[in-house]
Amino acid sequence: MGETYRNYFAAGPDSSTADRMRASTHWTNGTEKFGMAYFHVTEAGKRALVEHMRSNVETPARYAVTFRHHEGCIIVSARSRSAAKYAAYIHADIDWPFMEYTAEIKSVRLFAPASVPAQSS
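Now for a description of the structure that goes with this document. Quantities reported herein were computed from a predicted structural model and do not represent experimental measurements.

## Focus on the pairing of strand E4 (residues 62–67)
Within E4, five of the six residues are buried, which leaves the element mostly enclosed by the surrounding structure. Both E4 and strand E5 (residues 70–77) contribute to a ladder of six bridges, which runs antiparallel. Note on E5: the bridge partner recorded for Thr66 is Cys73. Between E4 and E5, which pair antiparallel in sequence order, lie two residues.

## Section: the environment of Lys46
Relative to the assigned elements, Lys46 resides in helix H2 (residues 43–56). Judged by its relative accessible area of 15%, Lys46 is buried. The sequence separation of Lys46 and Glu58 amounts to 12 residues, and the corresponding C-alpha distance is 18 Å.

## Comments concerning the pattern of salt bridges
Side chains that carry opposite charge are capable of pairing whenever their charged atoms lie near each other. Tallying each qualifying case throughout the model produces three salt bridges. Between Arg22 and Glu32 there is a salt bridge, with the nearest N and O atoms lying 3.8 Å from each other. Residue Arg22 is located in helix H1 (residues 16–23), and its partner Glu32 is located in strand E2 (residues 31–33); the two are separated by 10 residues in the primary sequence. Look at Arg22 and you get partly exposed, because its relative accessible area is 27%. Judged by its relative accessible area of 55%, Glu32 is exposed. Here Glu43 and Lys46 are joined by a salt bridge, their closest N and O atoms 3.5 Å apart.

## Here's the deal with helix H3 (residues 81–91)
Among the residues of H3, Ala84, Ala87 and Ala88 are the ones counted as buried. All buried residues of H3 lie within an arc of 100° about the axis, which places them on one face of the element. Buried residues along H3 sit in contact with E4, E5, helix H4 (98–103) and strand E6 (105–112).

## Topic: the sheet that holds strand E3 (residues 36–39)
Pairing within the open sheet is antiparallel, and its three strands lie in the order E1-E3-E2. Edge positions in the sheet fall to strand E1 (9–11) and E2, since each of these pairs with one other strand and no more. Along the sheet, successive strands turn relative to each other by an average axial angle of 35°, direction set aside. The pairing of E2 with E3 spans three bridges and is antiparallel.

What counts as what
- Residues numbered from 1 in each chain as written.
- Predicted model: local features only at pLDDT ≥ 70, side-chain atom pairs only at ≥ 80, totals over all residues.
- Heavy atoms only, no water.
- Buried < 20%, exposed > 50% of the residue type's maximum accessible area, 1.4 Å probe, protein only.
- Helix = DSSP H or I, 4+ residues; strand = E, 2+ residues; numbered from the N terminus.
- Pairing = 2+ DSSP bridges.
- Salt bridge = Lys/Arg side-chain N within 4 Å of Asp/Glu carboxyl O.
- Arc of directions from axis to C-beta.
- Contact = heavy atoms within 4.5 Å.
- Axes fitted to C-alpha atoms, helices over the stretch in contact; angles between N-to-C directions.

These results come straight from atomic positions and should not be treated as a statement about function.
Next up, the structure:
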């Protein structure tokens, strides 16, 4: 629900897309600049997106992986703790063997559980 890197959508100011966005409570009315209409997501739009995602989008579990010799952690998506170790290894910018890398892992803890949309009957 916080601010994101890109919180706008550009459309031709006289397009049907711009007309639909102006009619929606999920977007601002659009600011025209540089020959385009720029729309920003409203709070109602953010809430609608969160609800849509909860109902329709499967989100994998996220794990926090910490290391023995440095502060902080990395967050990775995985189906299990062991898969989280491998995901951390794949994303690491190192050329160590996997077993050496995992020996440096201090902990792997669940950061956010997976969410599976409710199945309609």
